[in-house]
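Structural characterization, general
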Amino acid sequence: MGKIKLNVLGLSYSQTQTGAYALVLSEEDGDRRIPIIIGGVEAQSIAIQLEELDPPRPLTHDLFKSFAEAFAVNVIEVNIYRLEEGIFYSELICEKGANRIRIDSRTSDAVAIALRFKCPIYTTDEIIDKAGIVLSIEGEPQEPTITAPTADYGATESSSSSQFSDYSIAQLQGMLDDAIRDEDYEKASLIRDELDKRGE
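Residues numbered from 1 in each chain as written. Predicted model: local features only at pLDDT ≥ 70, side-chain atom pairs only at ≥ 80, totals over all residues. Heavy atoms only, no water.

1. Focus: the nonpolar core
Leu6, Leu25, Ile34, Phe88, Val111 and Ile121 are the most contacted members of the largest nonpolar core, which totals 30 residues. Secondary structure elements with two or more residues in this core: β1 (3-13), β2 (20-27), β3 (32-39), α1 (40-50), β4 (74-84), β5 (87-96), α3 (107-117) and α4 (125-131). Broken down by element, this core gets its largest block of residues, 7 residues, from α3. Among residues more than four places away in sequence, those in contact with isoleucine 34 are Leu6, Leu23, Val24, Leu25, Phe88, Ile127, Ile128, Ala131 and Gly132. Core analysis: the second largest hydrophobic core is formed by 7 residues, Phe164, Met175, Leu176 and Leu195 among them. (Core = buried A, V, L, I, M, F, W, Y, C linked by side-chain atoms within 4.5 Å. Buried < 20%, exposed > 50% of the residue type's maximum accessible area, 1.4 Å probe, protein only. Helix = DSSP H or I, 4+ residues; strand = E, 2+ residues; numbered from the N terminus. Contact = heavy atoms within 4.5 Å.)

2. Some remarks on the packing of aromatic side chains
Under the defined criterion, the tally for this structure stands at 2 aromatic pairs. Judged by centre distance (6.4 Å) and plane angle (80°), the ring pair of phenylalanine 64 and phenylalanine 117 falls under edge-to-face. Of this pair, phenylalanine 64 sits in helix α2 (residues 60-70) while phenylalanine 117 sits in helix α3, placing them 53 residues apart in sequence. Relative to phenylalanine 71, the ring of phenylalanine 67 lies with its centre 5.0 Å away and its plane at 45°, an arrangement referred to as tilted. (Phe/Tyr/Trp six-rings, centres within 6.5 Å; stacked < 30°, edge-to-face > 60°.)

3. Details of the state of the cysteines
In this structure the tally under the stated criterion is 0 disulfides. Free cysteine cysteine 94: the closest other cysteine sulfur is in cysteine 119, separated by 8.6 Å. Judged by its relative accessible area of 3%, cysteine 94 falls in the buried class. (Disulfide = S-S within 2.5 Å.)

4. Concerning unusual backbone geometry
Even without being a glycine, glutamate 52 presents a positive backbone phi close to 55°. Within the fold, glutamate 52 resides in the loop between α1 and α2. Judged by relative accessible area, glutamate 52 falls into the exposed class, the value being 72%. Look at alanine 72: it is not a glycine, yet its phi comes out positive at around 60°. The residue alanine 72 is located in the loop between α2 and β4 in this model. Residue class for alanine 72 comes out exposed when judged on its relative accessible area of 51%.

5. Re the pattern of salt bridges
Under the criterion given, the structure shown has 11 salt bridges. Here aspartate 62 makes a salt bridge to arginine 116, at a shortest N to O gap of 2.6 Å. Of this pair, aspartate 62 sits in helix α2 while arginine 116 sits in helix α3, placing them 54 residues apart in sequence. Arginine 116 matches aspartate 62 in its accessibility class, with the two residues each being buried. One connected set of salt bridges, linked through shared partners, spans Glu27, Arg32 and Asp129. (Salt bridge = Lys/Arg side-chain N within 4 Å of Asp/Glu carboxyl O.)

6. Observations concerning the packing of α2 against α3
The geometry of α2 relative to α3 is characterised by a closest axis approach of 9 Å and an angle of 55° between their N-to-C directions. When the axis of α2 is compared with that of α3, the two are oblique. Considering only the axes of α2 and α3, their crossing is right-handed. Across the interface between the two elements, His61, Asp62, Phe64, Lys65 and Ala68 from α2 touch Asp109, Ala112, Ile113, Arg116 and Phe117 from α3. (Axes fitted to C-alpha atoms, helices over the stretch in contact; angles between N-to-C directions. Parallel < 35°, antiparallel > 145°, perpendicular 65-115°, else oblique. Left-handed = near helix turned anticlockwise from the far one by under 90°.)

7. Regarding the environment of glycine 86
Summarising the element assignment, glycine 86 is placed in the loop between β4 and β5. Judged by its relative accessible area of 28%, glycine 86 falls in the partly exposed class. Sequence separation between glycine 86 and alanine 131 is 45 residues; the distance between their C-alpha atoms is 8.8 Å.

8. Brief notes about the packing of α1 against α3
Where α1 meets α3, the closest approach of the two axes is 9 Å, and the angle between their N-to-C directions is 20°. On the basis of their axis angle, the class for α1 and α3 is roughly parallel. Between α1 and α3 lies a crossing of left-handed hand. For the pair formed by α1 and α3, the contact residues are Glu42, Ser45, Ile46, Gln49 and Leu50 on the first element and Ser108, Asp109, Val111, Ala112, Leu115 and Arg116 on the second.

What follows is the structure, given as structure tokens:
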């Protein structure tokens, strides 16, 4: 199964979940983006690292990095390896000497740690095909304004796509195109989930 490298595009506030944020990952060699709902604490940790800020006291992910380095453990990559019922599953690939270890992780924690170790983030062709959303307009906003219902492993799942259950496949496809054109990723993700449920 092919590996797709992802970059952290940014964060935006979720309009569907109070206190939650959308972490937006973008395909390095393509136009697709994956929005993932994460908690406020994890969003703060990611934002601090993206902005290269230096908190007065170490955050949990900073502590993890210091602990790992103290015992000569290096995180060499993060893999988002499964998407099931709207939840992403991730793992840290760690090395200590000649030993390589895989550690299960929530995607938000994995991304926060990847940023601190400056290691790559990967996913699979299957996941990017299923969850990726493509911009269909020219130009990109300087900062993402994307919110989406896809949940992080361990986070509370957001609203279901049942509000679209009464529409036909053709209507949903048209609505999806409109949502993507308007950069309404929250609505696009809900429609995408409804189409996935129907096998489209």
